[in-house]
Amino acid sequence: MSNPIETTSTTTAPDLRAVAFDLALQGFKVFPLQPKSKFPIPGISWKGLVCANEVDAWAKWSLPEFQASNIGIHCEGLIVVDLDLYKDTASDAEAWLAELDLPQTFTVQTARGGRHLYFKGPDVANSASKLAPGIDVRGVNGYVVAPGSVTPDGAYTVFEDLPLAVAPQALIDKCKAAKESQRRDEVDWGAPTSEARLLDGRAYLATAPVSIQGVGGDHTAFRVISELWDRGVSASGALDLLLEDWNQRCLPAWSDDELRGLIHHVHTYAQNNFAARASDQVFGEVVLVEDPEAVTKARSLEDPVDLWGIFPAPDLPLGALPRVLEEFALVQGEMMGADPAGLAVAALVTCAAAIDDRIQVQVKRHDPHWCESARIWAALVGSPSTKKSPILSAATAPLCRLDGQMFREWQAEVSAFLETPKDERKGRTSPAQRRLRIEDATVEAAQVVLEGSPWGILLLQDELSGFFGAMDKYSGGKGAAADRAFWLRSFNGGEYALNRVGRGTALLPNLSVCLLGGIQPEPIRKVAADAHDDGLLQRLFPIVLKPATIGRDAPSPDAVGRYSATVQRLRQMRAPLAPLPIQFDDDAQLIRRGLEEKHLHLQASEAVSRKLASHIGKYDGLFARLCLLWHCIESADPHPPRQISAATAARVAGFLHGFLLRHAAAFYGGVLGLSDDHDRLQAIAGYILARKLDRLTNRDVQRGDGTMRSIREADIRPLLEQLAALGWLERVDGARPTSQPHWLVNPAVHQKFEERARAEEARRADARAAIAEVTTGQGK
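Student: It is not clear to me how helix 11 (residues 323–336) should be interpreted in this structure. Could you clarify?
Tutor: Each turn of an α-helix holds 3.6 residues, which means side chains three or four residues apart point in the same direction. Along its 14 residues, helix 11 runs 20 Å from first to last C-alpha, staying within 8% of the 20 Å computed at 1.5 Å per residue. Looking at the buried side of helix 11, the elements it contacts are helix 12 (340–354), helix 13 (388–419), helix 19 (559–572) and helix 22 (619–633). One or two steps after helix 11, the chain reaches Gly337, where phi turns positive at roughly 75°.

In structure tokens, the structure reads:
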């Protein structure tokens, strides 16, 4: 295995993506951990992040959220011996090591002076018990922090580049014997622990330093629990002792990361060692009964989503866009007092419309049939005060000028044709209309334009509400479906056959339309509510505009001139000389595959509404289109290069997920509602706040207000699952498989939404008073 970092130094920062790739290439099952930490990513099962191969690893560490992530190695198929050679047991560990005479193998030198010895071998239990003083083993249910990972103090773990040896039978036998010994010594998890063993456990905790449970301390929470259970203390008894000790010495000083680490280790150990019993009951019943205050602090870690708030739209990020577009958006935005985000995206759509559709990118290396052109749809969403129309005019002005010139040339050709004697015009047709832009056009008129414009056109709509409303106006007996089908088809491009009674037949060489327009929040809500769920709305990138400010009247760089020149240059650009489409290079292809995996995960999330999930479903193709757009804008050659680089793909990925997706979340969450069940989720959340509940059952939901009482019993559990995903609740299963679960309320909701709770109480009181006044005349 090539060594991507120096084994003699812990000061040179490693390339984590390269290290993860190299480890996965050698067969290690790697996955991301928190940056500068040995703990998993919060809220995600670490086993679900394990990479399938080295390509998957490269793609995962290329994603913005994982670029700084430490590397974990799943110990399935491995036996990893952990030697704590920096402790007072180091001499015992060295003696044990010498006695066993283990073969040389792949070895990690930890930043604290310990050593991890890696062996190939059968799956053994992840050991909380000790093989010998100062020696643990990591097995099938555990993981180790990989070399190259960064410690909290900034040191880098290194390794000795040795072949991975097969575990000798003596080591395997010792691992099995240690686990069997632990099983014999364990007391039933729910059985009372003898007073003598409780005293022994209390004495152990009292002699340990205050930081024993702290992250990075000599003893992690995992080891503390292991020590207690090794002393014969039951699970409930161990938690009793821990809670007692936490409240006395440790809890007030703990950070959120330390609490997350503790909770993770408790659950891990319970699941690994008491799989036949419900591990959730450790926290769901024992801790809750014994010390609610400690559980309150532990459960407050997850920040609940504000179901009433407006989801903030992000500012335009710096460094992601092509420089000419970023400069135009920032300078023009300051001059106009308009949101640069709207100017940037409107400029992107304008540039996309300028690029000939015959310039294409092949999305997959071995699928020549999936090619994309730079075709983008976007909607600027905001009130009249956000300057939507001025933004659209400024961004599309260069393309409109080119279109005007093209239109005048076409008119001159038509005039020349009509002036030709009739006998010379026999067998000839009038010159086809060539355009780059249309605005107020029916489907039939757009078809005429597209017959002579195979490069694709821009449909510019100052008010998109008119675009959606016009689908019924000119549809005759067909209804709106035919118009919607035409515009849906125009998002994909390609040939389009027309067969029209009275007008003959035609074959559009390329039904391709870029769409750009503005719309206010109220009309778009009505469009979303009334429209067929055919994905027309979800094809648009929604940009939620910020309120306008006072513009600046002062000299500024000629950003508008450079932007106009770019649009003109893109219009003149032609496909590469070879007849093959543009492709992603190897590293860019890995980034694309990683995003594809992420998009599938987001679509499957229960916290994402169906409309937002449908929008994300378009991202695989839109990512390729955006990459092609970046590639062409930044190419000075009249024929763009044949390959899109990883650097371009990485910037586009960051822009797509860090900016466009967050605007989509602001639109679908703030403008349309986070979930399809948003009103019902708000009703249940308001009931929790008004009643100051710390737990919730199905019966509580059925006792709520009118909205809640109308919820069918079969729908209650999915709604509560959504609230759990949004950080409001935590599910606790019943004692029997047939029992209904109950739900613990995250105490953070009562702290975060205290003002909302008062408003909910007042609202409900007013409702009761109004009912009383109507029915008995004894209201306010």
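Student: I keep staring at the packing of helix 11 against helix 19 and nothing clicks. Help me out?
Tutor: When two helices pack together, their arrangement is given by the angle between the helix axes and by the axis-to-axis distance. Where helix 11 meets helix 19, the axes come as close as 9 Å, and the angle between the chain directions of the two elements is 140°. Here helix 11 is positioned oblique relative to helix 19, judged by the angle of their axes. Pair helix 11 / helix 19 crosses with left-handed handedness. Here Val324, Leu325, Glu327, Phe328, Val331 and Gln332 of helix 11 come into contact with helix 19, specifically with Ala559, Val560, Arg562, Tyr563 and Thr566. When grouped by side-chain class, the residues that make up the contact of helix 11 with helix 19 number 7 nonpolar, 2 polar and 2 charged.

Student: I tried to follow the nonpolar core on my own but got confused; where do I start?
Tutor: Side chains that are nonpolar tend, in soluble globular proteins, to be buried together. Among the nonpolar cores identified, the biggest contains 124 residues, and Trp487, Phe541, Phe623, Leu626, Leu629, Phe655 and Leu660 are the most heavily contacted of them. The element best represented in this core is helix 23 (residues 646–671), accounting for 13 residues. For Phe623, the residues in contact, after removing those within four places along its chain, are Phe584, Ile591, Arg592, Leu595, Ala649, Val652, Ala653 and Leu656.

Student: How do you make sense of the sheet that holds strand 22 (residues 729–732) when you look at a structure like this?
Tutor: Backbone-to-backbone hydrogen bonds pair the strands of a sheet. The strands run either parallel or antiparallel. What the 3 strands build is an open sheet, ordered 21-23-22; its pairing is antiparallel. With partners counted over all chains shown, the strands left at the sheet margins are strand 21 (695–696) and strand 22, one partner each. The pairing of strand 22 with strand 23 (residues 742–745) spans 4 bridges and is antiparallel. When the sheet's bridge partners are listed, Val732 is paired in strand 23 with His742.

Student: Would you mind going over the pattern of salt bridges with me for this structure?
Tutor: Oppositely charged side chains are able to pair whenever their charged atoms sit close together. Tallying each qualifying case throughout the model produces 18 salt bridges. Ionic pairing is found between Glu413 and Arg434, a salt bridge with its closest N-O pair at 2.8 Å. Of this pair, Glu413 sits in helix 13 while Arg434 sits in the loop between helix 14 (422–425) and strand 13 (437–438), placing them 21 residues apart in sequence. Glu413 gets classed as partly exposed once you look at its relative accessible area, which sits at 34%. Residues joined by salt bridges that share partners form a network here, namely Asp403, Arg435, Arg437 and Glu439.

Procedures and definitions
- Residues numbered from 1 in each chain as written.
- Predicted model: local features only at pLDDT ≥ 70, side-chain atom pairs only at ≥ 80, totals over all residues.
- Heavy atoms only, no water.
- Helix = DSSP H or I, 4+ residues; strand = E, 2+ residues; numbered from the N terminus.
- Expected span 1.5 Å × (residues − 1).
- Contact = heavy atoms within 4.5 Å.
- Axes fitted to C-alpha atoms, helices over the stretch in contact; angles between N-to-C directions.
- Parallel < 35°, antiparallel > 145°, perpendicular 65-115°, else oblique.
- Left-handed = near helix turned anticlockwise from the far one by under 90°.
- Nonpolar A, V, L, I, M, F, W, Y, C, P; charged D, E, K, R; others polar.
- Core = buried A, V, L, I, M, F, W, Y, C linked by side-chain atoms within 4.5 Å.
- Buried < 20%, exposed > 50% of the residue type's maximum accessible area, 1.4 Å probe, protein only.
- Pairing = 2+ DSSP bridges.
- Salt bridge = Lys/Arg side-chain N within 4 Å of Asp/Glu carboxyl O.

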